[in-house]
Amino acid sequence: MDTKFIGKKSAAAGGWGALKSCGKQLLQSGMPISGARTMLKANQPDGFDCPGCAWGDPEHGSSFEFCENGVKAVAWEATEKRATPAFFAEKTVSQLRQLTDYELELNGRLTHPMRYDAASDRYLPVAWEDAFAEIGKILTGFDNPNRAEFYTSGRASNEAAFLYQLFVRVYGTNNFPDCSNMCHEASGIAMRQAVGVGKGTVLLEDFEEADAIFVIGQNPGTNHPRMLGDLRRAAIRGARVVVFNPIRERGLERFSDPQDKVEMLRGGSTDIASLYMQPQLGGDMAAVRGMAKAVLAAEDAAVAAGLPSVLDHAFLAEHCAGFAEYRAAVEATSWAEIEDQSGLSRQEIERAADVYINAERVICTWAMGVTQHLHSVATIREIANFMFLRGNIGRPGAGLCPVRGHSNVQGDRTVGINEKPSDDFLDTLEKHFRFTVPREHGHNVLAAIGAMLDGSAEAFIGLGGNFARATPDSALVEKALRRLKLTVHIATKPNHSHLMPGETAFILPCLGRTEMDLNAAGNSQLISVEDSMSMVHGSAGINRPASPHLLSEVAIIAGIAQATVGSTVVDWAELADDHDRIRDHIEATIPGFENYNARLRKPRGFHLRNTAAHREWDTPAGKASFSCEALPDETVHQRARKGEGRFALQTFRSHDQYNTTVYGLDDRYRGVYGERQVIFIHPADLEAMNAKAGDRVDVVGEHDDGIERIAENFRFVPYDIPRGSIAGYYPELNVLVPLGSAGRESDTPTSKSIMVSFRRRKTA
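The structure reproduced in this document is the subject of the present report. (Residues numbered from 1 in each chain as written. Predicted model: local features only at pLDDT ≥ 70, side-chain atom pairs only at ≥ 80, totals over all residues. Heavy atoms only, no water.)

What about the overall build of the chain?
If you tally the helices and strands in the chain, you get 31 helices and 31 strands. Dimensions of the chain, computed from the C-alpha atoms along their principal axes, are close to 80 × 65 × 55 Å. Expressed as a percentage of its 764 residues, the buried residues of the chain come to 64%. Long-range pairs, those at least 24 residues apart, make up 79% of the contacts in the chain with a sequence separation of at least 6. (Helix = DSSP H or I, 4+ residues; strand = E, 2+ residues; numbered from the N terminus. Buried < 20%, exposed > 50% of the residue type's maximum accessible area, 1.4 Å probe, protein only. Contact = heavy atoms within 4.5 Å.)

If you want it as structure tokens, here you go:
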């Protein structure tokens, strides 16, 4: 059996492997020298914000504020390769569809606006004015504006996102399927219920003061590597880092900082996790409930012994509602139930609780390992409950920290990309711009797909992203896109979504984050983004555009808007030519953006005030609110073990990708090289199936809706993961994620809770 694709894992995250990878990516871009110079301006006050993750930048700054994945993102965007009209002339769309995601995007940057020609099955060049006119004609021809879906990627700037939502609401709909619907929707919902604001309550500087940091369902080494530097510094000064993650991730075990010369020369590394817990998939809520149970037991013991209290009674009395009910719910939850659902022993959970009890200041962070389950909202409420017990909200070195994905996914929501906008926001928008805003709630991602499938939606416009590959149930989504009257994709590179054209289809190429956006007067335009810590940064590109035919996202939105709704309400051309004017409108309509233009031009930008961080609770109770919800009746791993040969699958990224963008075919942190169609599985589970490393299988979805879902030709990789749980990469495995399985309240696809079985393939 061929197992050459399984190799040695990195001894630690970062280190020389990261530097080698950076060099490889810059060489592959064809612009190694200019690419290296470009990186020196990443996340700098006079440069551009990294187009990768949303990890925060320190207010005090440093000489270098980028990481390996930041280099990959910049090299991917600043490549010398070009997908010109000649590229589209060489192959039909049907032929291009046979390429992998990696092969397709390797062709480089888009250079011209393109229109799909069904007769030749090819994209042909089109003039910008003609594209805008035809898009506008189709949109205005619908009998109802709700027949169009307007998707937003987290890559879009605040300015582009604000203009986009303004155009769409002038057009008459709140249909805003957004990338946040597929990742942190549960975080926003749960935190608004618990503390009154849907954002993290910490600043980056709080990591310098925390005594303990709990990292739940998160892999910083691959998804936001700059976070490892902050975890490393915390570990060095003695803070305890407690990890809950089903799979062993190298970055959470050890990290070698490429910016630490001594550590690099010695070939050393720093241990990150003080405790590394491996719960079963979906078992995080039970694990956190178990820690809360241990904390309450410690409180009872302290009271009985006349020792100082474990709980922060002053905080609970002054700032919290529902504590008595929550305590009763915890006491009603048995240890047997907690152990069975979490997959952890009582002793393991109590060890983690001891860290919490003995830490004065605690931060809890999480990501999609928590948010992509049926019970994600309840799990995040449980995390908040746990943090309330010792007052770990609203003081230095403590707080809640959902770590967002793409660089401005949080900012897009802040400036109005929301299918369920608040009445206050709509009232302000209506008063300021003097038009009647649509009040009916619109479609999120799953609702948009449903509307496209049933024919009630007839158009899709995507502001960035790769919708068809990022969404669940890939085969159904492809069918949904190709039956539309209009598809429009605003993008920097070709991707698979472009190869699922509607009756009329356009690819509109835009400037990248690293490129200069010059207005009519020749002045460089500034954009802004918001990171996971609610810091708003300015960003100005420094490179020449990849093509003279590119427009900024703002200019493209303005062009479509002008052709669709005219300039009676908004002078779109004026705003496209002066981003300061867009920011003036944001300031006038969204709280927290006072003196936007002035503050944005200060080094490191400014912070959007977080009420919960100041212990001001915008909840119905006027206080931080406990949730007393019971544990789920059954999690995915508990259901899986009831059936013969069934497993609980989670999808995740390889180390050589970001979201759906694949930079390469290696995952050196997990020891997989040149291969993406793999399944990580416990060795004992392989042995029980009489299988071995490298065996080929089809992965079969086990959702009970009568739809056959199969991911073909995957190979086994033995790995340190709980028995009964398995893992593999998206987007290749998204075909197995059912549209009909979504988080309660959040409507987020359950990409970490997929029931599957295996079908053996014949060896060649």
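As for unusual backbone geometry
Cis geometry is found at the peptide bond from Y730 to P731, where omega equals 10°. Relative to the helices and strands, P731 is located in the loop between β30 (725-729) and β31 (754-760). For R434, which is not glycine, the phi torsion reads 60° and is therefore positive. Note on R434: relative accessible area 75%, which makes it exposed. Phi is positive for D473, which is not a glycine, with a value near 50°.

Looking at the pairing of strand β5 (residues 122-125)
As defined by bridge partners, strand β4 (residues 114-117) adjoins β5 across four bridges and the pair is classed as antiparallel. Opposite R115, over in β5, you have L124 as the bridge partner. (Pairing = 2+ DSSP bridges.)

Quick notes on the sheet that holds β4
The sheet built from six strands is open, its strands ordered β5-β4-β17-β16-β15-β6 with mixed pairing. On the outer flanks of this sheet lie β5 and β6 (148-152), each paired with one strand and no other. Along the sheet, successive strands turn relative to each other by an average axial angle of 20°, direction set aside. Two elements, β6 and strand β15 (residues 459-463), share five bridges in a ladder whose sense is parallel. Along β15, the bridge assignment pairs Y151 with G462. (Axes fitted to C-alpha atoms, helices over the stretch in contact; angles between N-to-C directions.)

Examining the packing of aromatic side chains
Tallying each qualifying case throughout the model produces 30 aromatic pairs. Ring centres 4.9 Å apart and planes at 70° place the aromatic pair F87 and F88 in the edge-to-face group. Summarising the aromatic geometry, the rings of F315 and F388 are spaced 6.4 Å apart at their centres and angled 40° between planes, so their arrangement reads as tilted. Remark: F388 occurs in helix α20 (residues 376-388) and F315 occurs in helix α15 (residues 313-319); sequence separation between them is 73 residues. Judged by relative accessible area, F315 falls into the buried class, the value being 2%. Chaining the aromatic ring pairs together yields one cluster made of F315, F323, Y326, F388, W617 and F626. Stacked on the ring of Y276, the Lys or Arg R248 has its end atom at 4.2 Å from the ring centre. (Phe/Tyr/Trp six-rings, centres within 6.5 Å; stacked < 30°, edge-to-face > 60°. Lys NZ or Arg CZ within 6 Å of the ring centre and 35° of its normal.)

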